[in-house]
Amino acid sequence: MSEIREQLVYSDDHEWVLKLEGNIVRVGITDHAQCQLGDIVFIEMPDVGFEVTSGDSVGSIESVKTVSELYCPVSGIITKLNEELETSPELVNSEPYDNGWIFEIEVAGDVEEALGKLLSAEDYSKEVE
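Rules used throughout
Once a new chain begins, its residue numbering starts again from 1 and follows that chain's sequence as written. Thresholds applied to this predicted model are a pLDDT of at least 70 for local features of residues and 80 or more for the giving and counting of side-chain atom pairs; totals over whole chains, interfaces and linings are not thresholded and use all residues. Excluding hydrogens and water, the side-chain figures rest on all heavy atoms present in the structure. Strand pairing follows a simple DSSP-based rule, namely that at least 2 bridges must link the two strands. Counting from the N terminus, the helices are the DSSP runs of H or I reaching at least four residues and the strands are the DSSP runs of E reaching at least two. Lines fitted to C-alpha atoms define the axes here, with helix axes fitted over just the stretch in contact, and angles between the N-to-C directions of these axes take values from 0 to 180 degrees. Each residue is placed in one exposure class: buried if its accessible area under a 1.4 Å probe, protein chains only, is under 20% of its type's maximum, exposed if it is over 50%, and partly exposed if it falls in between. For this quantity, the arc is that covered by the directions from the helix axis to the C-beta atoms. Contacts were defined at the residue level, with two residues in contact if any of their heavy atoms lie within 4.5 Å. Exposure above 30% relative accessible area and the lack of any salt bridge qualify a residue for a patch; like charges then connect within 9 Å, and the nonpolar side chains Val, Leu, Ile, Met, Phe, Trp and Tyr within 5 Å. Here the open area of atoms and residues is found with the Shrake-Rupley method and a 1.4 Å probe, where only the protein chains shown may cover a residue. Salt bridges are counted wherever a side-chain nitrogen of Lys or Arg sits within 4 Å of a carboxyl oxygen of Asp or Glu. When charges are counted, Lys and Arg are positive and Asp and Glu negative, with His and the chain ends excluded. Lysine's charge is taken at NZ, arginine's at CZ, aspartate's at CG and glutamate's at CD. The aromatic pairing rule takes the rings of Phe, Tyr and Trp, using the six-membered ring of Trp, and pairs them if the centres are within 6.5 Å, calling planes under 30 degrees apart stacked, those over 60 edge-to-face and the rest tilted. As a reminder, the over-ring test applies to NZ of lysine and CZ of arginine, requiring each to be within 6 Å of the ring centre and within 35 degrees of the ring normal.

This part covers the sheet that holds strand β7 (residues 67–71). The strand order across the open sheet formed by 3 strands is β4-β6-β7, and the pairing between neighbours is antiparallel. Here the strands that pair on one side only, and so sit at the sheet edges, are β4 (40–44) and β7. Averaged over all pairs of adjacent strands, the angle between strand axes in this sheet comes to 25°, irrespective of strand direction. Examined bridge by bridge, β4 and strand β6 (residues 57–63) share 4 bridges and lie antiparallel to one another. Across the sheet, the residue bridging to I40 is S63, located in β6.

What follows is the structure, given as structure tokens:
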């Protein structure tokens, strides 16, 4: 069974979101998603400063099995990338919720409202059962 953390919210596309300070959130893919993908070998990430809308494709994740789109769960501007993934994409497999995060975004508008549109840990758990 995949790990699902209570303090996070989740998208239908298997991204997790962690609220940091102010309107900044951190985004990665869920443990369930990394298990489905298998060994991750490359991550194409968006550029810092890139303006995105919720649901936009912002990159891709390549594993030994497939290539999967990476979607943005909230609207805003990309503020930071996890540069460790350039040389160690396998961190998404080994630590999807910790050192395997992918990018940070400054949420446009009300951050609580944006996060409220995502799935709770309980709801996400029901989706992946």
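Here we come to helix α5 (residues 121–128). Those residues of α5 that sit buried are A121, Y124, S125 and V128. Projected onto a plane normal to the axis of α5, the buried residues spread over an arc of 105° and lie on a single side. In α5, those exposed residues whose orientation departs by more than 90 degrees from the buried face are E122 and K126. Where α5 is buried, its residues touch β1 (9–10) and α1 (31–37).

Glancing now at a negative patch on the surface. Where like charges cluster on the molecular surface, the negative patch consists of D12, D13, D123 and E127. Inspection of the secondary structure assignment puts E127 in helix α5. On the basis of relative accessible area, E127 is assigned to the partly exposed category, the value being 44%.

So, on to the pairing of β6. Taking burial as the measure, the 7 residues of β6 include 5 buried ones, the bulk of the element. Judged from the 5 bridges that link them, β6 and β7 form a sheet pairing that is antiparallel. Across the sheet, G59 pairs through a bridge with L70, a residue of β7. Hairpin connection, β6 to β7: the antiparallel pair is bridged by 3 residues.

Looking now at the packing of aromatic side chains. Counted according to the given criterion, the structure contains 2 aromatic pairs. Look at Y10 and Y124: their rings are 4.7 Å apart centre to centre, the planes differ by 10°, and that puts the pair in the stacked class. Remark: Y124 occurs in helix α5 and Y10 occurs in strand β1; sequence separation between them is 114 residues. For the pair shown, Y10 and Y124 are each scored as buried. With a centroid separation of 5.9 Å and 55° between ring planes, the pair formed by W16 and Y97 is classed as tilted. With W16 in strand β2 (residues 15–19) and Y97 in the loop between α3 (91–94) and β9 (103–107), this pair connects stretches of sequence that are 81 residues apart. Over the ring of W101 we find R26, and its NZ or CZ is 4.2 Å from the ring centre.

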